[in-house]
Amino acid sequence: MGLYAVITADIIQSRKQVLSFEKIEQTLASFAGEHLVKSFALSRGDEIQGVVSDLSVIVSLVRRLRYVMWPLALRVGMSIGEIEDDKLKKAGTSWDLSGEVFFSARDALDMAKKSRVSNTFFLCSDELLSTALNTSLSLLETIESGWTEKQWQAVHVYEREGTYEKAARVLGVTAPAVQQHCDKAGWNVVRVAEKELARLISLSLKI
């Protein structure tokens, strides 16, 4: 048995989506492979699920997932729990698997569907960790919901490239423009919050 995170999401108003299923599948196939033991996969046309091996990154991973899926909006449910390693290896995708951690991620997604406050929820056996993460996720989502397309791009590319100058070359703009977009997005606050939440997960689970 190993400890893993399951992220289950659904596309809001999927019938109005502007991206084809093929395009969504291509996007998911190339996303965050370094953190996943089972890549994000599409099911039922509007549900996405993946299994994460690096538990501490789940908060930042959800933010990045929202970016690569833009302009589609997502509801997200997450959980952490044990999965049998043999079954994990044999499964084609996460949709071939079942168990308590998958049920908890589904319950968290149902919480997001019912909520008027947040589209992202976490649920696990540690009630204190769940409460702390859900409070923080709600606040982070409030900040990120105000980001413009250019701010999302600037944050994503700057995070990947590591400097404003490198990000500017990728985006075809100036380094001060990238920095301005990141500053207006409150990226420094979001980045620190994500790092502290990663630390909280590690401390809570003693990993």
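Note that the structure is predicted; figures quoted are calculated from it, not measured. Each residue is numbered by its place in its chain's sequence as written, counting from 1. With the structure being a predicted model, the display of local features is reserved for residues of pLDDT at least 70 and the display and counting of side-chain atom pairs for 80 or more, all residues being used for whole-chain, interface and lining totals. Side-chain metrics rest on all non-hydrogen atoms present in the structure, leaving aside hydrogens and water.

Can you lay out the pairing of strand β3 (residues 47-52) for me, pointing to particular residues and giving the numbers?
Categorising residues by exposure relies on relative accessible area from a 1.4 Å probe, with only protein chains included: less than 20% of the type maximum marks a residue as buried, more than 50% marks it as exposed, and the intermediate range marks it as partly exposed. The helix and strand labels rest on DSSP assignments: H or I over at least four residues marks a helix, E over at least two residues marks a strand, and numbering proceeds from the N terminus. Counting buried residues in β3 gives 6 out of 6 residues, a clear majority hidden from the surface. Here strand β1 (residues 2-11) pairs with β3 via 6 bridges, running antiparallel. Pairing of V6 across the sheet is with V51, part of β3. Following DSSP output, two strands are said to pair if at least two bridges run between them. Pairing between strand β2 (residues 36-43) and β3: 5 bridges, direction antiparallel. For L42, the partnering residue across the bridge sits in β3 and is I48. Once β2 ends, the chain turns through 3 residues before running back antiparallel as β3, passing R44 with a positive phi of about 60°.

Give me the sheet that holds strand β5 (residues 120-122): which residues, what numbers.
Reading across the sheet, the 5 strands line up as β2-β3-β1-β4-β5 and stay open at both edges, with mixed pairing between neighbours. Looking at which strands have only one partner, the edges of the open sheet turn out to be β2 and β5. Mean inter-strand twist for the sheet, computed between neighbouring axes without regard to direction, equals 15°. Pairing of strand β4 (residues 74-83) with β5 involves 3 bridges; the strand directions are parallel. Looking at β5, one finds that G77 is bridged to F121. Between two residues, a contact is recorded if the distance between any of their heavy atoms is within 4.5 Å. Where helices are involved, their axes are fitted lines through C-alpha atoms of the stretch in contact, as for all axes, and angles between N-to-C directions lie from 0 to 180°. Across the sheet, helix α4 (residues 100-114) touches β1, β3, β4 and β5, and the angle it forms with β4 is around 160°. Across the sheet, helix α5 (residues 127-144) lies against β4 and β5, angled at about 165° from β5, the strand it touches most.

Got a sec to walk through the packing of helix α7 (residues 164-171) against helix α8 (residues 175-184)? Specific residues and values, please.
Two measures define how a pair of helices packs: the angle their axes make with one another and the distance between the axes. Viewed as axis vectors pointing N to C, α7 and α8 meet at an angle of 105°, and their least axial separation amounts to 8 Å. With respect to α8, the axis of α7 lies roughly perpendicular. Residues Y164, E165, A167, A168 and L171 of α7 touch α8, and the partners they reach there are A175, V178, Q179, C182 and D183. Residues that form the contact of α7 with α8 fall into these classes: 7 nonpolar, 1 polar and 2 charged. An angle counts as roughly parallel when it lies under 35 degrees, as roughly antiparallel when it exceeds 145, as roughly perpendicular when it falls between 65 and 115, and as oblique in every other case. When residues are sorted by character, Ala, Val, Leu, Ile, Met, Phe, Trp, Tyr, Cys and Pro go into the nonpolar class, Asp, Glu, Lys and Arg into the charged class, and all the rest, Gly among them, into the polar class.

Hey, could you go over the nonpolar core for me, with residue numbers and the actual values?
Buried Ala, Val, Leu, Ile, Met, Phe, Trp, Tyr and Cys residues that are joined via side-chain atoms within 4.5 Å together make up what is termed a nonpolar core. Counting residues in each nonpolar core, the largest one holds 49 residues, and the members touching the most others are F40, I48, I58, M69 and F122. Here the element with the most residues in this core is helix α2 (residues 58-69); it accounts for 6 residues. Counting residues in each nonpolar core, the second largest holds 10 residues, with V6, L88, A91 and V101 among its members.

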